[in-house]
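Descriptive analysis of the structure
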Amino acid sequence: DRIYRVATKVSDLTNGQSPPLTEYFTKHPEALPARGKYVNIHAELMGYFARNLWRKLWEQIGPPRPDGDRSEVDALCSLDCDPEERFEKLDFDHDGEVSPDDIHRALKGVLKLSVDDQEQSLAEFIHSFADASGSGHVTVEDFQIFCTEMDELYEQDKWRLSWPRAFTPMIDADQEEQRADDGIKVEAA
C-alpha cells in the first residue's frame, strides 16, 4: 500500500499506455482526479523550464565572479547585484520594460539557444516569472525585488532547478557499450 505521485495526462491513466495503471483505474474510477482538479502537466513543465531559464538569464547578466563561475547562489544574489545594470542588459529596445520580445532575444543572444523567431510562448512564460511584482510588466522594480529576494527564492526552489549540479549517470558496462553502439555519448561530470 504505497502512494505514488505520477506526472502524466489523465487520459494516459486509462487509455492502455500503461497496463497496470489502466487496470487499476478501470477498477477504481473514483481514484481518478475530478475533471479540473488536477495540474496541467504541459503548463507545469513549461513553468518549470521558464523558471530555470530565467535563473540562467539572471546568472548570465550578473557580474562575473572572480573565478568565472556563475553557478553558485552568490552569483545569483551577490552584494553587487545592481538591478539597473542587469535590467539594461535585457531591455534591448530601451523602452523601460523587459518584454517577451526582449526575453526571446536574450534566449538567443545571451543563452545562445536556438529559438523559433515566430514562437514566443516560452518567452512569455519566462516573462511571467520575471514579473516579480505581478503587474504584468517587467521593470527595474522587478529586478530590485530579485536582487533582494533571489537568495531566498533560490533556497526555496533549489530542488526544482534543472541545472543545480552536473551528475554522472549510473550505468553498467553493457548499457555503456549499447549506448556507444547507438551513438550516445555519456561523459562523467
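Above this text sits the structure in question.
As a starting point, this report considers the structure included with it.

Definitions and limits used
- Residues numbered from 1 in each chain as written.
- Predicted model: local features only at pLDDT ≥ 70, side-chain atom pairs only at ≥ 80, totals over all residues.
- Heavy atoms only, no water.
- Phe/Tyr/Trp six-rings, centres within 6.5 Å; stacked < 30°, edge-to-face > 60°.
- Helix = DSSP H or I, 4+ residues; strand = E, 2+ residues; numbered from the N terminus.
- Buried < 20%, exposed > 50% of the residue type's maximum accessible area, 1.4 Å probe, protein only.
- Core = buried A, V, L, I, M, F, W, Y, C linked by side-chain atoms within 4.5 Å.
- Contact = heavy atoms within 4.5 Å.

1. Some details on the packing of aromatic side chains
Given two aromatic rings, their pairing is described by the distance between the two centres and the angle made by the two planes. As enumerated under the stated definition, the model contains nine aromatic pairs in all. Ring centres 5.7 Å apart and planes at 90° place the aromatic pair W54 and F143 in the edge-to-face group. Residue W54 is found in helix α2 (residues 41-61), and its partner F143 is found in helix α7 (residues 140-157); the two are separated by 89 residues along the sequence. Residue W54 shares its accessibility class with F143, and that shared class is buried.

2. A look at unusual backbone geometry
Positive phi, normally seen in glycine, also occurs at D82, with a value near 50°. Relative to the helices and strands, D82 resides in the loop between α3 (73-76) and α4 (83-90).

3. Quick word on the nonpolar core
Burial of nonpolar side chains together is a common tendency in soluble globular proteins. Counting 21 residues, the largest nonpolar core has W54, L57, W58, L90, V98, I126 and F143 as the members making the most contacts within it. Secondary structure elements with two or more residues in this core: α2, α4, α5 (100-109), α6 (121-130) and α7. No other element matches the six residues that α2 contributes to this core. Leaving out residues up to four positions away in the same chain, F143 has contacts with W54, W58, I61, P83, R86, F87, L90, V98 and V138.

Shape descriptors only; they carry no functional weight alone.
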